[in-house]
Amino acid sequence: MASSSALVTINNVKYSVGEAYSDTTLNQFLRKTLGLTGTKVLCREGGCGVCVVYVEEPDPNQPGSTIKRSINSCLCPILSCDGWNITTVEGTGNQKKPSQLQQQLTSHNGTQCGYCTPGMVMNMHALTKMSEGQKLTEQTVENSFDGNICRCTGYRPILDAFKTFAHDSKSKLLDLEDVGLSLQICPKNGSPCSGRCHHEHDSITEVLPTHDLGASSSWYRPKSLAELYTLLEGPLKGKKVFLVAGHTSVGVYDDGPCDALVDTKKIVELTQITTDATEGVTVGANVSLTHLIQVLREPAAKNPAQYHYMDVLADHISKVASVPIRNVSFRLKRAHNEFPSDVFLCFELAEAVITIGNKDGTSSVSPSQLLTTNFDDPKQVILKATFHPKPSNVLYRTYKIMPRSQNSHALVNAGFRAEVDSYQTGKRIIRSIALIFGNINPSFIYAIHTQKFLIEADMADPAVLQGALGRLRNELQPKAYPAEPSLEYRTNLACALFYKFALEILGDVADQRYRSAVGQLVRPLSSGQQDYPTEPKNYPLTLPIPKLESVVQCTGQAKYISDMDSSTMLHAAFVLSEQGSADITQIDSTNALKVNGVVRVITSIDIPGSNNFVAPPGVAEELLASRQVVFAGQPVAIVVATSQVAAENGAKQVKAVYANVKTPILTCQDAIQAKSFYPAIDDLKVGDAEAAIASAPHQVKGSMELGGQMHFYMETQVAVCTPTEDGMDVEAGTQWVDAVQDGVAQVLAMNKSSINVSCKRVGGAYGGKITRNTWIAASAALAAQLTGRQVKMHLSFWDNAKVSSSLIFVYLRLLCLAKRPLQLVGKRNPYHTEYHAGFDADGKLQGVYINAYVDCGAAPNDNPISGLGTWGDNGSTEAIYFIEHVMEHIAKFLNKPSIDVKYLNLFKNGDKCITGQTIDNCNLTDLTQQFLKNVEYQKRFNAVQIFNKESRWRKKGISVTPMKYGVVWNSNLYNCFVTIFHNGGAVAVAHGGSEIGQGINTKVAQAVAYELGISMELISIKPNMSLTNANATSTGGSVTSELVTLAALDCCKQLLSRINPTRQAMQGKSWPEVIEKCFTDGMDLTARSWVAPKTDVAPIYYNTWGVTCTEVEIDVLTGEHQILRLDVLHDCGESMSPLIDIGQIEGAVVMGLGYYTSEQLKYDEKSGQLLTYNTWYYKPPTTKDIPADFRVQILKNAPNPVGVLRSKVVAEPPLCMTCSVVFALRNACDAARQEIGKGREWFQLDAPMTVERTQGYCLPDISQYTYGPTKPTKISLRLRLTR
């Protein structure tokens, strides 16, 4: 029996890792034990890609060869890495000598917050290694990033950067010398030189844990099946054993803890692949899905007559999870019958033979029989799967419908197999058929009754089709799962998939127009265009450069607060309430204190100061629930331990007892009915809307629902607090340093001056870390004070999704609903909105009344009353959606293209907006008209109409959204501190904004360099600190970048007023010489500025304008869609930093696309707990959800006369225009409804437009599923006259 320890090489250093690490993942080992924090952590499910590393391991079937692949380090146990050579981002390059991959990503501005970047780099690094000796294509690159999520960039620059390595790329691979960087190649291994030589040597570093890791499982590594059987029937008999191969199931199911982990990767028999002309292809159970896909492709190419079906299987398996998961996984659903396993589906469809073995021998079963096979007595092991040759006249098809384009489980999956006799003209006789479905219910696999009905039937007969559909609908009995789509959708979807198969069986017997249903949407290779102006005379201002931090982000050297660690640091985790509205009668921490590593459990009675982390004038929010919980997921206690794992395990053992549990209010409608309101907000009124509506020639009324959205920032909420002799040092991942300082001070009962808060960078925020991070920082500070030690609180992705509240603002009448029993973590608020509009015959709006109900959750601090938005866009996104919805309704009523109605109602100079201000500098009509011409809107609109006439089951839609976005400076307070150092003239800048990925530091540096007339290389941006940047307001609302730049410019002006006389007197001398002279003269080379705008009485300081056009295609039968093209034109004034602004536009657009399509929040009806708290259910966009053709333009020749350096804001305004995707989808649904005579009807449309909703709005029904248009009945009459 092999040793349980593992010998692992990481970045060319060998480590011996003992059994104490049996429950430790590779990710934990890298970050915690080795301090290699370039590899990030987020979901711990293999669903985000931030943890990806590159692995080489010996190929057991080819001695001397290696298997190369990317993997998710968060799922991989470190002890399973025995014999592996692992490379992390630190092993590929560094800031001084980045690898070519890292430099390409930098030059393409492919980073923003940067937290996902190392995972992106390592995924591409692995792809280049795996593709050695092959021609890498752009399509391969695009296909390989299904497992990496980026919330900031919109993916386009990342894909563009990495596609330059493809042989078919039209983009020139950047010569690093062109950007002042030379790439040195190691003569030993041919890899990029990282500046330090990682000599692989024979010495081995033994790794010893610095604390009790709490390992509860024994680790075994047998080398043969005989050893495995001996283990299972010997020392492990009767114990809970987990066989480790891919180990990816832990990303879906928490089946632990177990008594023993048995690593089967050394068993050669489980990795073998054999091909026999008669028996077919046999694949060992430890073969990865990636390898399986390759294995299936080979016989399909060489012998398609017998193995044509293998291409179908390979295509389907390519949709399983993501590349890093497929690289290690071989999943069948034996332990969890409800799991919608695509692998099981394919194996069952192919009639694969599964060989299982035990100490007494082997036996063969089908995949479906596997589900009921006893694996416990004796212990059985899956050994291999065999795929046999098949007749050429058998048709195989599979389907997988997902909530987004990739890396998702199936809402419904299906595999169909039919032997068809088509020798009789016009007939399709079914000789045999199999109809297999997944995610219907745990016991449903085959539609047996439908299959029996079809045997020897003519599928070309419409009556047979309808008979089969009727039987199938009755036979399907879906099980309700709270987080899954409805029973009705899953039933309809299963029937629709069968109809697709029937049409494919018929081929050209069916009408061409109806055959548009065959197959699924095929996405083309994505592309993008970026068009922006610059002003070379103002360089470095307006110079298109990447972010200052991009190189260190690409090399993994950028340190985030979540990367901070030390051997003496303690870790804290919340205990979260499981009920939404209840009294707390007891909190029992007895079992938690027995968990290895747990130091203390803290409850509300331990708080020395106020049990409230919100400073006045905000409404108090308890740090820890004392007597009552007001939403599910509210913290009731804090567990402090020696590791994060121990803290989280301890938190699971704390038991809270509840009484007086109330039924949760889950929707706006429920809250309205229960009259659950926060204090009313004053109505916004302009004129007499009711009278104007009443006198208008035409009126429309309606309502709409708009769902919430999770921020899904890549670095979850985090803070590190260290007690000091006079207070507390706080490193907080916050957008609002001052609020953190306030909250910590009042919880600890300390003076605010004793709390030192610092924030260097944040791994994404989007408004979610304005008020909510104070909760985390104050909790960590409390734990640090009570233990006297440094404490880090870094929320797990799951807890992060459950712990805070959110906030938004909307115009017109806003009623704030108090929906108390909900889990909310800084999410975008759901809305229910009712409207009544009056208009003339042309569509000119006469009056509109909008009643908006906003779900504000459990805390009025995070609603429109406070004016603090967790999304920072102050409700503009929702407000624009509301009025666009009204415009669409008016256009539908008048039977006009919606853009005609919108154009008629656009603002013009001299108009008054809702604040009473007169509009000036408005070019929206001209801008829209030119935009429509540039994007060839009319031509494309006509093409959409033609497409829809020619296609019954695929429909397209196109929509345009113009935008006015009012920018408010009032109440935003920021400062800046600038220091010039003598002995070189370097400049340090500390401003009051947080770098959250938006490029604020880059803009400030460009502006300072421009104003001082020096090189940007002399400028360094320092962290946002409570001392140097005291009292600054939050980073949000898109205005922070320009206002801290304004403060920085003021500092420069102060300094230049002192320096310029000396500079003029020293003409011809260098900047360092001038500064040295100023210093020797005793000049103060520091300046501070405070910006507190008061832009008269009117709140809007200026407006920015934009237009977006979105074109989509939908599958009517499934509800799937793809965005064919999206054009956006945005007014940035004279952009200070065009590449930064382009990135902000693209990122905002993709964020909005997720909001309006795939991101859906669902809650438990009984407890109010969030159900979509993980990557399994919550689906932000991925690389193939962005527009296939993505075109971004910054408006030219549009300097802002009142802006900072003639610029305008960016980021949130473009997001407001992405609602155009909803109305493009609506247009496509209208085209589908037109087929059944309902195209003229207005219907209530709710967002997000999920696949379920999209299909539902199209009104498909099995009665419509035919092979062609219904022909009129022919009647023959013979008249005989009588008298």
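This text goes with the structure placed above it.
Residues numbered from 1 in each chain as written. Predicted model: local features only at pLDDT ≥ 70, side-chain atom pairs only at ≥ 80, totals over all residues. Heavy atoms only, no water.

Engineer: Got a minute to help me understand the overall build of the protein chain in this structure?
Structural biologist: Counting its secondary structure elements, the protein chain contains 33 helices and 41 strands. Taken over C-alpha atoms, the radius of gyration comes to 32 Å for the protein chain, in line with the 33 Å a tight globule of 1283 residues would show. Its C-alpha atoms give the protein chain principal-axis dimensions of roughly 105 × 105 × 70 Å. Counting over 1283 residues, the protein chain shows a buried share of 61%. Restricting the contact set of the protein chain to residue pairs at least 6 apart, pairs at least 24 apart contribute 77%. For the protein chain, the exposed area adds up to about 47,300 Å²; of that, 50% sits on carbon and sulfur atoms. Each charge sign in the protein chain was given a centre, from 120 positive and 123 negative side chains, and these centres are 4 Å apart. (Helix = DSSP H or I, 4+ residues; strand = E, 2+ residues; numbered from the N terminus. Rg over C-alpha atoms; globule rule 2.2 N^0.38 Å. Buried < 20%, exposed > 50% of the residue type's maximum accessible area, 1.4 Å probe, protein only. Contact = heavy atoms within 4.5 Å. Areas by Shrake-Rupley, 256 points an atom, 1.4 Å probe, with all protein chains shown as cover. Lys, Arg positive; Asp, Glu negative; His and termini not counted. Charge placed at Lys NZ, Arg CZ, Asp CG, Glu CD.)

Engineer: Looking at this model, I keep getting lost on the sheet that holds strand β33 (residues 954-968). Mind explaining?
Structural biologist: Hydrogen bonds between backbone groups are what pair the strands of a sheet, and the pairing can be parallel or antiparallel. With mixed pairing, the five strands of this open sheet are ordered in space as β18-β41-β40-β39-β33. Of all strands in the sheet, those bounded by a partner on one side alone are β18 (527-531) and β33. Taken over all neighbouring pairs, the strand axes of this sheet differ in orientation by 10° on average, direction set aside. Here strand β40 (residues 1121-1130) runs beside strand β41 (residues 1189-1194); their pairing, made up of six bridges, is parallel. (Pairing = 2+ DSSP bridges. Axes fitted to C-alpha atoms, helices over the stretch in contact; angles between N-to-C directions.)

Engineer: So what exactly am I meant to see when it comes to the environment of glycine 857 here?
Structural biologist: Relative to the elements of secondary structure, glycine 857 occurs in the loop between β32 (845-855) and α23 (876-894). Taking the C-alpha atoms as reference points, glycine 857 and asparagine 337, 520 residues apart in sequence, are found 36 Å from one another.

Engineer: I'm lost on the pairing of strand β35 (residues 987-991) in this one. Help?
Structural biologist: On any regular strand, side chains alternate: one points to one face of the sheet, the next to the other face. With respect to burial, β35 is a largely interior element, five of its five residues being buried. With burial as the criterion, each face of β35 is covered, one bearing Val987, Val989 and His991 and the other bearing Ala988 and Ala990. Where strand β34 (residues 974-980) and β35 come together, five bridges link them in antiparallel fashion. Its bridge partner lying in β35, cysteine 976 is registered against histidine 991. Taking the residues between adjacent antiparallel strands as the criterion, β34 and β35 are bridged by six residues, where asparagine 983 takes a positive phi near 65°.

Engineer: What is the right way to look at the packing of helix α2 (residues 100-107) against helix α3 (residues 117-130) in this model?
Structural biologist: Relative orientation of the contacting elements α2 and α3 amounts to 130°, with a least axis distance of 10 Å. Classified by the angle their axes make, α2 and α3 are oblique. The handedness of the crossing between α2 and α3 comes out as right-handed. Here Leu101, Gln102 and Leu105 of α2 lie close against α3, whose contacting residues are Thr117, Val121, Met124, His125 and Thr128. (Parallel < 35°, antiparallel > 145°, perpendicular 65-115°, else oblique. Left-handed = near helix turned anticlockwise from the far one by under 90°.)

Engineer: How should I be thinking about a nonpolar patch on the surface in this particular structure?
Structural biologist: A cluster of nonpolar side chains, Leu684, Val686 and Ile914, forms an exposed patch at the surface whose accessible area comes to about 230 Å². Relative to the helices and strands, leucine 684 resides in the loop between α18 (668-674) and α19 (689-695). A relative accessible area of 34% places leucine 684 in the partly exposed class. (Patch = residues over 30% accessible without salt bridge, like charges linked within 9 Å, V, L, I, M, F, W, Y side chains within 5 Å. Salt bridge = Lys/Arg side-chain N within 4 Å of Asp/Glu carboxyl O.)

Engineer: It is not clear to me how the nonpolar core should be interpreted in this structure. Could you clarify?
Structural biologist: One recurring pattern in soluble globular proteins is that nonpolar side chains are buried together. Membership of the largest hydrophobic core comes to 202 residues, with the highest contact counts inside it found for Phe437, Phe498, Tyr881 and Ile1059. The greatest single-element share of this core, amounting to 13 residues, is contributed by helix α15 (residues 487-506). Apart from the residues within four sequence positions on either side, isoleucine 1059 is in contact with Ile980, Trp1071, Val1074, Ile1075, Cys1078, Met1083 and Leu1085. In terms of nonpolar packing, the next biggest core, distinct from the first, is built from 45 residues, Val762, Trp775, Ile776 and Val803 among them. (Core = buried A, V, L, I, M, F, W, Y, C linked by side-chain atoms within 4.5 Å.)

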